[in-house]
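Survey of secondary and tertiary structure
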Amino acid sequence: MYAAVVTDFSLPPRFDRIDDPVASGDDEIVVEVLASALHPRVRSQADGSHYTATDHLPLVPGVDGVGRDADGALRYFVVEEGAMAQRAVIDRRASLVLPDGLDPVTIAAAMNPAMSSWIALRRRADLRPGQHVVILGATGSAGRMAIEVARHLGAGRVSAVARDTTRFAALEALGADEALSFDRIGEVAGADVVLDYVWGAPGATAMTELVRARPHRSEAFTWVQIGSVAGPEAPVLSAALRSSGLRIVGSGQGSVPTRDILEELRPLAAYVGTGAARVDARALPLAEVAEAWATPASSAERLVLVP
């Protein structure tokens, strides 16, 4: 079979022939992959920069996708690696049978970016109805979807923070009560939850300004670190922690038990399947994996590879 294959972390994957996968455990099955999206998480897997990365090569990237099993059932699946191939071995316990009629490309494109905010709000921040959610880095694919997810999960106010002011109207059209630049972060100082897709120096500055502007500093609020587009390190002032009710947590692979993530797959897939989660998806043949990797990672369009 053919797959996207990484043989050097400094080079993009290439379309190449590899051996067919073989299921070995009682819960393992082989699926015909129909679609697998190129998420930022997959890029970092393929270049070896993700915090879970090992140095083993060759590697078939791809951490989730939609496939069809031997019984003809359509499944959304999550894997450690190997989704960007014509066939993949999956653990049936880490998959979900989908209703027929759903578009595999749309599901593959939407599930991962929607999952980032869904898991963060449901399992790390424990969002309560009516609370105020602020999203840092709201113009990215996951950030835009976080607006809709927060609204769906009961947020009473959603504020989108981003650098690109030309896209503020689009963020408000998605459901944000307001869109504002980083230098106006003090205007949302009463937030209950911050979803941070930025981190780095801009994230640390926003955190400090938010703490300083809070009307009641001792009131608890949760900062959920999800992405790091501005850098993997942030110079957080110790005073920001000592002088406020700020609680910093991370949301990602390892911070939430697998069983909890799997419990969220069904309601998340039901939400995505309704079409409520809007995502710009473009399908490319798996054979054009090099072209997909050449597309800027900052693109709002989510590329989906189709074997």
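Residues numbered from 1 in each chain as written. Predicted model: local features only at pLDDT ≥ 70, side-chain atom pairs only at ≥ 80, totals over all residues. Heavy atoms only, no water.

**Observations concerning the overall build of the protein chain**
Cut-off, in case you're wondering: Strands are runs of DSSP state E lasting at least 2 residues, helices are runs of H or I lasting at least 4, and numbering of each runs from the N terminus. Whether a residue is buried, partly exposed or exposed follows from its accessible area with a 1.4 Å probe, protein chains only, as a fraction of its type maximum: under 20%, in between, or over 50%, in that order. Here the accessible surface of atoms and residues is derived via Shrake-Rupley with a 1.4 Å probe, and residues count as covered only by protein chains that are part of the display. In this tally, Asp and Glu contribute negative charge and Lys and Arg positive charge; neither His nor the terminal groups of the chain are included. Here the site of a charge means NZ on Lys, CZ on Arg, CG on Asp, or CD on Glu.
When its secondary structure is counted, the protein chain shows eight helices and 15 strands. Its C-alpha atoms give the protein chain principal-axis dimensions of roughly 60 × 40 × 35 Å. Burial status across the protein chain gives 49% buried among its 307 residues. Carbon and sulfur atoms make up 50% of the accessible area of the protein chain, which amounts to about 13,700 Å² in all. Mean positive and mean negative side-chain charge positions of the protein chain (29 and 38 charges, respectively) differ by 6 Å.

**Considerations on the pairing of strand β9 (residues 157-161)**
Threshold: Strand pairing is defined by DSSP finding a minimum of two bridges between the two strands. When the strands point away from the viewer, a crossover counts as right-handed if the route from the first strand across the helix to the second turns clockwise.
Judged by how many residues are buried, β9 sits mostly within the fold: four of five residues are covered. Sheet analysis places strand β8 (residues 132-136) next to β9, joined by five bridges and oriented parallel. Each bridged residue has a counterpart across the sheet, and for L136 the counterpart in β9 is V161. Traced from β8 through helix α3 (residues 141-152) to β9, the parallel crossover comes out right-handed. Here β9 pairs with strand β10 (residues 178-180) via three bridges, running parallel. By the bridge assignment, S159 is partnered in β10 with E178.

**Details of the nonpolar core**
Here is the rule we go by: Among buried residues, those of type Ala, Val, Leu, Ile, Met, Phe, Trp, Tyr and Cys that are joined through side-chain atoms within 4.5 Å constitute a nonpolar core. In what follows, a contact means two residues having at least one pair of non-hydrogen atoms within 4.5 Å.
V133, I135, L195 and V272 are the most contacted members of the largest nonpolar core, which totals 54 residues. With twelve residues, helix α2 (residues 104-124) is the largest single contributor of residues to this core. Not counting residues up to four positions away in its chain, the partners in contact with L195 are S117, A120, L121, V133, V134, I135, L136, A146, V224 and I226. Formed by 20 residues, the second largest nonpolar core is a distinct cluster that contains A191, V194, A206 and A240.

**Notes on helix α7 (residues 258-273)**
Definition in use: In this analysis, the expected span of each helix is defined as 1.5 Å times one less than the number of residues it contains.
If you check α7, its first and last C-alpha atoms are 22 Å apart, about what 16 residues at 1.5 Å a residue would give, namely 22 Å. Within two residues after α7, G275 carries a phi angle of roughly 85°, on the positive side.

**What about the side chain of R41?**
Defined as follows: The salt bridge criterion pairs a side-chain nitrogen of Lys or Arg with a carboxyl oxygen of Asp or Glu, the two atoms within 4 Å.
Turning to its location among the elements, R41 is positioned in helix α1 (residues 40-46). As a buried residue without a salt bridge, R41 has its nearest oppositely charged side chain in E80, at a separation of 5.3 Å. If sequence neighbours within four positions are ignored, R41 has contacts with H50, T52, V63 and Q253.

**A short note on the sheet that holds strand β13 (residues 245-250)**
For clarity, the cut-off: Note on definitions: angles span 0 to 180 degrees between N-to-C directions of axes, and those axes are lines fitted to C-alpha atoms, for helices only across the stretch in contact.
If you trace the six strands from one edge of the open sheet to the other, you get β10-β9-β8-β11-β12-β13, paired in parallel fashion. Across the chains shown, the open sheet's two edge strands, defined by having one partner strand only, are β10 and β13. When strand polarity is set aside, the average angle formed by the axes of neighbouring strands in this sheet is 20°. Its contacts with the sheet put α2 on β8, β11 (193-196), β12 (220-225) and β13, and the angle it makes with β11 is roughly 145°. In the packing of α3 onto the sheet, the strands contacted are β8, β9 and β11, and the crossing angle to β9 comes to about 175°.

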